[in-house]
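A closer look at the structure
Residue strings, one per chain:
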Amino acid sequence: GGKWGVINFNNEEIVPISYDIIMKNWFRVKDLIIVQNGTNQFDGSIEYDVYNFEGVKLDNKEIDYKNHIYYKG
């Protein structure tokens, strides 16, 4: 029932601890951190937020998450 976020090796918050889920299949994520509220399992059909590994929130309307995971199946 808690919230998720991401803290880097330097103990700096790069994704706010305010999300219901993080795309947890880390071996599938190439270059972005994909997070979402309102669901308990990632659902690409509803709004999601995207961060790079430096903690910069990106415009999710320009990003198709499928282009940023290794395995699309």
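My aim in this report is to walk through the structure given alongside it, one point at a time.

The full count for this structure, using the stated rule, is 2 salt bridges. Between K3 and D20 there is a salt bridge, and its shortest N-O distance comes to 2.5 Å. Remark: D20 occurs in the loop between β2 (13–19) and β3 (21–22) and K3 occurs in the segment before β1 (4–7); sequence separation between them is 17 residues. The class of K3 is partly exposed, set by a relative accessible area of 45%. Judged by its relative accessible area of 25%, D20 is partly exposed. A salt bridge links K57 to D49, with the shortest nitrogen-to-oxygen separation between them at 3.5 Å.

What follows is about the side chain of T39. Locating T39 in the fold gives a position in the loop between β4 (33–36) and β5 (49–51). Here the side chain of T39 touches Q41 through a polar contact of 2.8 Å, landing on its backbone oxygen. Ignoring sequence-local partners within four residues, the contact set of T39 consists of D20, I21 and I46.

Spatially, the 4 strands line up as an open sheet ordered β3-β4-β5-β6, and their pairing is antiparallel. Of all strands in the sheet, those bounded by a partner on one side alone are β3 and β6 (57–58). Here β5 runs beside β6; their pairing, made up of 2 bridges, is antiparallel. Bridge assignment links V50 to a residue of β6, and that residue is L58.

About the thresholds
Residues numbered from 1 in each chain as written. Predicted model: local features only at pLDDT ≥ 70, side-chain atom pairs only at ≥ 80, totals over all residues. Heavy atoms only, no water. Salt bridge = Lys/Arg side-chain N within 4 Å of Asp/Glu carboxyl O. Helix = DSSP H or I, 4+ residues; strand = E, 2+ residues; numbered from the N terminus. Buried < 20%, exposed > 50% of the residue type's maximum accessible area, 1.4 Å probe, protein only. Polar contact = N/O pair within 3.5 Å; in protein donor to acceptor, adjacent residues only side chain to side chain. Contact = heavy atoms within 4.5 Å. Pairing = 2+ DSSP bridges.

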